[in-house]
Amino acid sequence: MAATVAQTAGSEKNMLLRAELRRSERWGKLRAFALVLPLLLFLVITFVFPIGRMLFNAVHDDTLLTLMPRTTAALAAWDGNDLPGEQVFAALAKDLRDTWEQKTMGSVAVRMNYELPGTGSQFTSSARKASTLLTGPYKAALIQIDPLWERKEVWNFFKRGASPFTAYYLLRSVDYQYGADSQIVATPPETAIFRDAFLRTFGISVGVTAATFLLGFPVAYLLATLSPKSSNLLMILIVLPFWTSMLVRTVAWVVLLQQNGVVNQALVGLHIISHPADLIFTRFATIVAMTQIQLPVTLLPIYSVMKTIPPSHIRAARSLGAGSFYAFWRVYFPQTLPGIAAGCLLTFILCLGYYLTPALVGGPSDQMVGYFIANYTNKQINWGLASALSALLLVATLLLYYVFNKLVDVNRLKIG
Amino acid sequence: MHHLADRRLVSSAYLGGSAQSDLTRRNKCSAGQAPALGITGMPGANDAFVKFSDVQKTYDGKTLVVKKLNLDIARGEFLTLLGPSGSGKTTTLMMLAGFEVPTQGRIFIDGRAIDNLPPHKRDIGMVFQNYALFPHMTVEENLAFPLKVRKRGKMEIKDRITRALDMVRLGDYGKRLPGQLSGGQQQRVALARALCFDPNLVLMDEPLGALDKQLRDQMQLEIRRIHKALGVTIVYVTHDQSEALTMSDRIAVFNDGLIHQLASPAGLYEQPQNAFVAQFVGDNNLLRGKVIDMDGASCTVEVSGMGNVHALVINAEAVGRPVLISLRPERVKLNPAPGSLPNTLNARVEELIYLGDHVRVRVSVGGHDLVIKLPNSDGVQVHEGAQLTIGWKTQDCRALDAG
């Protein structure tokens, strides 16, 4: 009994202590929060919100819902087998008139062209002709105006438009689309380009990451083991290109690799090849230029980890009987893994988003996802598809990051 | 008699070469003599386990870090290389381990020259100051490393790890990572790792430098115990003289690339051969003076302001030459019976420093400061400003080179 009382008193005392601790730490926490608040706001406004909005675009499209409200509503009752009834056609005629009067038929036509290529112009002409159609029966009259309104995939398209959300853009990003009955079918081969683009993007990124690692690791090792005087010079040589704009460096590669560029002239001049080789606008040029740009990004984290490995570890391993390679491989290399993971992951993720370099030194078949995103954003003004491609790229990156972290088990390596 | 014994002490490590003719001259008693048995009972050069023969090392081609080193280490010996930083002791160790190559001279282990033997074939265990445990391996994996390299059987490896961990009293820590251990524990693991493959020779490069004092004292005894139990030869580098005195069979005092004295701890403390050793090992009162009379083993030195002091001739060359007199603080007696000691002087107490087990009394004698250590046992009544007489024996006062 006495023990219980003592225990209760003890726990009360503990709670009091915790409350005091919270009170004493409150000011510090507030201060810390106030310090990060400006940056937090900046990030939310300039980064989190726009990206969130962009990702929202990938699944959200209410063009049909807002511009063709009567048609999409009337189609809710349609079974999807035969052509819709007179009531639906009447709603359509009314919507067509409205789009004509409000000059919004262009937006609907663009949206139609995404999913049903070539139907946009038919829709516009229907709208123009239907603007004079004031009395029913509408069904025959509209079919008379354009046989478009006999096609079931068109009606299914408008039926899907009843929801402000659509999976179309995401499906399209992985080369699928809606069939005539709203079923999911593969995109025809001539327009199925995105799966290849993603694979190419990952392929080029893996290649560049591997190249920067293979080239950078020995240099990082040299930097970490050299005397400070020589390593400083070497370090400047390595980071000097890092301070140059990426555009300048890419254009420099154009100068080097073009038909009559420095490399070709040298090779021809030395009689190694008789005709200038195709160096520019190739996969080779893309990977070389990207490797050059990404090299410091891979190298520096590896170097900074190597710097923290005491030279006595190798010495200890050697004195314990390990040959120089065994000591390196079993003692030194495992300790550099966190640096390798950080450097390679950084380069890989940055490579996934490359746009400028492949566009300038790569050929048409070397374009990465970034190119398509830019293309749909700036030229085609198909923000839904651009957003869907971005979202897929982002998810793939996060997934890879997670898997990589699990594999390398960075946390275990950081102990000690 | 003392003098003779001293000569023999340094005889197995003579210092020579043109670069340090000065010191050679000072140590001429030892230079060039045939190696003889030291009083510590160490074997002579012929059956030396480790032998440095005229070893030199320079890093930049200008200054010698190690100058003409000759050193014999007996099998089973605990030898400490003691010296200030930059004295060449660590370089000497690294040459023995194979991480540095002598620019001249040869090193032998067990009669075999090891010039072209890479570090991993020397079969030397090594303990580093920063432990050098592999952070990505558990304690057991660390200990297994030298055994796996040697392709020992699984059962044997397990057995040896268990024994090595028990030896350093870390039996339950095998599955931990080094980062989860305290500094003292890590160093014990490093010790176990350097010993578990039964090397004939273990090198330790300031292994206790990163530990706090209490842990250091404890580890000193532990290393000493393990050395006694295994009978392994240990070469130990430190700049801490009390550490060297506690652990070693013999101590080689390094300075400026040279061994200034090689002796047992007692020999080093009681009979420093030159001014550097007298200064570096333990506390000493050093008085500068001039020899005015020499009489065999003892001499009379004139110290300005203090008068004449009778001292033992150790490194005094001739009448008229400057010398440095060394006098241990604990050998000075307060208020000795008149006429009982050859050196008696009047002094004034300037300062008392209470240190628990003893009291340091700073007195001034004719313009010189002397420090006296009084054991805190008979409650000596001394107070600042008191006038008293101090005295010491001729044997406790050594006339050394002028430094």
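Values in this document were obtained by computation on a predicted structure and should not be read as measured data.

Chemist: Describe the overall build of chain A, listing the residues and the values that go with them.
Modeler: Of regular secondary structure, chain A possesses 20 helices and two strands. A compact globule built from 416 residues should have a C-alpha radius of gyration of about 22 Å, whereas chain A, at 31 Å, is more than 25% larger. Across its three principal directions, the C-alpha atoms of chain A cover 100 × 100 × 40 Å. The buried share of chain A, taken over its 416 residues, is 30%. Put simply, of all contacts in chain A between residues at least 6 apart along the chain, 67% involve residues at least 24 apart.

Chemist: Lay out the overall build of chain B with the relevant residues and their values.
Modeler: Scanning chain B from terminus to terminus reveals ten helices and 20 strands. Looking at chain B as a whole, 46% of its 403 residues are labelled buried. Partitioning the contacts of chain B with sequence separation of at least 6, the portion at a separation of at least 24 is 66%.

Chemist: Describe in detail helix H11 (residues 228-239) of chain A, supporting the description with residues and values.
Modeler: The terminal C-alpha atoms of H11(A) lie 16 Å apart, and with twelve residues this matches the ideal 16 Å at 1.5 Å per residue to within 8%. Along H11(A), only zero of the twelve residues are buried, which leaves the element largely exposed.

Chemist: Now, about the sheet that holds strand E18 (residues 368-375) of chain B: what can you tell me, with residues and values included?
Modeler: All names here are of chain B. Spatial ordering of the open sheet is given by E15-E19-E16-E17-E18, a layout of five strands whose pairing is antiparallel. Across the chains shown, the open sheet's two edge strands, defined by having one partner strand only, are strand E15 (333-334) and E18. As paired elements, E15 and strand E19 (residues 387-392) share two bridges and run antiparallel to each other. Within E19, the residue paired with Leu334 across the bridge is Ile390.

Chemist: I'd love a proper account of the nonpolar core, names of residues and values included.
Modeler: Grouped together as the largest cluster of nonpolar side chains are 112 residues, with contacts concentrated most on B:Leu203, B:Val235, B:Ala252, B:Val253, B:Ile325 and B:Ala399. Ignoring any residue separated from it by four or fewer positions in sequence, one finds B:Leu203 in contact with B:Leu93, B:Leu96, B:Ala97, B:Ile124, B:Met126 and B:Val235. Grouped together as the second largest cluster of nonpolar side chains are 48 residues, A:Phe194, A:Val208, A:Phe217 and A:Leu300 included.

Chemist: Pulling in residues and values, what's your account of the interface of chain B and chain A?
Modeler: At the interface, 21 residues of chain B touch 18 residues of chain A. Only strand E6 (124-127) and helix H4 (139-149) of chain B provide two or more residues apiece to the side of chain B that touches chain A.

Chemist: Describe the domain arrangement of chain A, with residues and values.
Modeler: By a widely used convention, the size of an interface equals the accessible area lost when the partners come together. Segmentation of chain A into domains returns domain 1 (1-57), domain 2 (63-186) and domain 3 (194-414). Relative placement of domain 1 of chain A and domain 2 of chain A: their C-alpha centres are 53 Å apart.

Chemist: Explain the environment of B:His358 to me, and be specific about the residues and the numbers.
Modeler: Residue and element names in this part refer to chain B. Here His358 is to be found in strand E17 (residues 358-365). Separated by 252 residues in the primary sequence, His358 and Arg106 place their C-alpha atoms 47 Å from one another. When near neighbours in sequence (up to four residues on either side) are disregarded, His358 contacts Lys373, Leu374, Pro375 and Asn376.

Chemist: How would you summarise the domain arrangement of chain B if you had to cite specific residues and measurements?
Modeler: Residue and element names in this part refer to chain B. Looking at the assigned domains, one finds that chain B contains domain 1 (2-123 + 200-278) and domain 2 (283-400). Tallying the contact residues gives nine residues for domain 1 and eleven residues for domain 2. Going through the elements one at a time, helix H1 (2-10) and helix H10 (275-280) are the ones with two or more residues in the side of domain 1 that touches domain 2. A per-element tally of the side of domain 1 that touches domain 2 places H1 first, with three residues. In terms of residue class, the side of domain 1 that touches domain 2 is built from three nonpolar, four polar and two charged.

Chemist: Before we move on, can you summarise the sheet that holds strand E4 (residues 104-109) of chain B with the specific residues and values?
Modeler: Judged by pairing direction, the sheet is antiparallel, and its four strands sit side by side in the order E2-E1-E4-E5 (chain B) without closing on themselves. Pairing within the sheet leaves two strands with one partner each, and these edge strands are strand E2 (64-73) and strand E5 (112-113) of chain B.

Chemist: Break down the pairing of strand E13 (residues 307-313) of chain B for me, citing the residues and quoting the values.
Modeler: Residue and element names in this part refer to chain B. As paired strands, strand E12 (residues 298-303) and E13 are joined by six bridges and run antiparallel to one another. Within E13, the residue paired with Ser298 across the bridge is Leu312. From the end of E12 to the start of E13, which pair antiparallel, there are three residues, and Gly305 there has a positive phi angle of about 85°. With two bridges connecting them, E13 and strand E20 (residues 397-400) associate as parallel partners. Looking at the pairing, Leu312 lines up with Arg398 of E20.

Chemist: Report on the pairing of E18(B), specifying residues and quantitative values.
Modeler: Along any regular strand, the residues point their side chains to alternate faces of the sheet. Residue and element names in this part refer to chain B. Strand direction decides the pairing type here: E17 and E18, joined by eight bridges, are antiparallel. The partner of Val363 across the bridge, within E18, is Leu370. Once E17 ends, the chain turns through two residues before running back antiparallel as E18, passing Gly366 with a positive phi of about 50°.

Chemist: Quick one: what's the story with helix H8 (residues 152-160) of chain A, residue by residue and with numbers?
Modeler: All of the buried residues in H8(A) are A:Trp155, A:Asn156, A:Phe157, A:Phe158 and A:Lys159. If you follow the buried residues of H8(A), they end up packed against helix H2 (63-67), helix H3 (69-74) and helix H5 (105-115) of chain A.

Chemist: Explain the packing of H4(B) against helix H5 (residues 154-167) of chain B to me, using residue names and the numbers behind them.
Modeler: Helix-helix packing: each pair is described by the crossing angle between the helix axes and the interaxial distance. Residue and element names in this part refer to chain B. Orientation of H4 relative to H5, taken along the N-to-C sense of each, is 125°, at an axis distance of 10 Å. Judged on the interaxial angle alone, H5 and H4 are oblique. In the packing of H4 onto H5, the handedness of the crossing is right-handed. In this structure, H4 contributes Glu140, Leu143, Ala144, Leu147 and Lys148 to the contact, and H5 contributes Ile157, Arg160, Ile161 and Ala164. For the contact of H4 with H5, the per-class residue count stands at six nonpolar, no polar and three charged.

Chemist: Tell me about the environment of A:Thr187, and name the residues and values.
Modeler: Residues and elements named next belong to chain A. Following the sequence through the fold, Thr187 ends up in the loop between strand E2 (184-186) and helix H10 (194-225). For Thr187 and Ala109, which are 78 residues apart along the polypeptide, the C-alpha to C-alpha distance reads 20 Å. Dropping the residues within four chain positions of it, Thr187 is found in contact with Arg172, Asp175, Tyr176, Gln177 and Ala192.

Chemist: Describe in detail the confidence of the model for chain B, supporting the description with residues and values.
Modeler: Residues and elements named next belong to chain B. Of all residues in chain B, 88% have pLDDT values of 70 or greater, and the mean over the chain is 84. Ranking the elements of chain B by mean pLDDT puts helix H2 (residues 21-26) last, at 36, and strand E3 (residues 78-82) first, at 96. Low confidence marks residues 1-45, where pLDDT is under 50. Its contacts with residues over four positions away, or in another chain, come to 81 contacts.

Chemist: I'd like a rundown of the packing of helix H15 (residues 311-319) of chain A against helix H16 (residues 324-352) of chain A, residues and numbers included.
Modeler: All names here are of chain A. In the contact formed by H15 and H16, the axes pass within 9 Å of each other and the chain directions differ by 125°. Viewed along their axes, H15 and H16 adopt a mutual orientation that is oblique. Relative to H16, H15 is oriented so that their crossing is right-handed. Mapping the contact onto sequence places His313, Ile314, Ala317 and Arg318 in H15 and Ser324, Ala327, Val331 and Tyr332 in H16. Grouping the amino acids of the contact of H15 with H16 by side-chain chemistry returns five nonpolar, two polar and one charged.

Chemist: So, unusual backbone geometry: which residues are in play, and what are the values?
Modeler: In terms of backbone geometry, most residues other than glycine have negative phi values and most peptide bonds are trans. Residue and element names in this part refer to chain B. Although it is not a glycine, Asp110 adopts a positive phi angle of roughly 55°. Its place among the elements puts Asp110 in the loop between E4 and E5. Judged by the 14 C-beta atoms lying within 10 Å of it, Asp110 falls in the partly exposed class. Phi at Asp256 is positive, roughly 55°, even though this residue is not glycine. Relative to the helices and strands, Asp256 is located in the loop between strand E9 (250-255) and strand E10 (258-263).

Chemist: So what about the confidence of the model for chain A? Which residues, and what values?
Modeler: Residue and element names in this part refer to chain A. Per-residue pLDDT for chain A has a mean of 89; in total, 95% of the residues score no lower than 70. No element of chain A has a lower mean pLDDT than helix H20 (residues 410-414), which averages 48, and none a higher one than H10, which averages 95. Within the model, the stretch residues 412-416 combines pLDDT values under 50 with eleven contacts to residues more than four positions away or in other chains.

What counts and how
Counting restarts for each chain, with residues numbered from 1 along the sequence as it is written. Labels follow written order: the first chain is A, the first ligand is 1, and so on. This being a predicted model, a pLDDT of at least 70 is required before a residue's local features are given, and a value of 80 or more before pairs of side-chain atoms are given or counted; all residues contribute to the totals for chains, interfaces and linings. The numbering of helices and of strands both runs from the N terminus, where a helix is a DSSP run of H or I of at least 4 residues and a strand a run of E of at least 2. Here the globule rule reads 2.2 Å times residues to the power 0.38, and the radius of gyration is calculated from C-alpha atoms. Any residue surrounded by 20 or more other C-beta atoms within 10 Å of its C-beta is treated as buried, while 12 or fewer makes it exposed and the intermediate range makes it partly exposed; C-beta atoms here are placed from the backbone. Residues are treated as contacting if the C-beta atoms built from their backbones sit within 7 Å of each other. An expected span of 1.5 Å times one less than the residue number is assigned to each helix. Should DSSP find at least two bridges between two strands, the strands are taken to pair. Think of a nonpolar core as buried Ala, Val, Leu, Ile, Met, Phe, Trp, Tyr and Cys residues, each tied to the set through C-beta atoms within 7 Å. The split of the chain into domains comes from an automatic or database domain assignment. Gly counts as polar in this scheme, as do all residues outside two lists: the nonpolar Ala, Val, Leu, Ile, Met, Phe, Trp, Tyr, Cys and Pro, and the charged Asp, Glu, Lys and Arg. The convention used is that axes are lines fitted to C-alpha atoms, helices contributing only their stretch in contact, and that angles between N-to-C directions extend from 0 to 180 degrees. An angle below 35 degrees is treated as roughly parallel, one above 145 as roughly antiparallel, one from 65 to 115 as roughly perpendicular, and anything else as oblique. Two helices cross in a left-handed way if the nearer one is turned anticlockwise from the farther one by less than a right angle. They cross in a right-handed way if the turn is clockwise. The predictor attaches a confidence to each residue, and that confidence, scored 0 to 100, is pLDDT.

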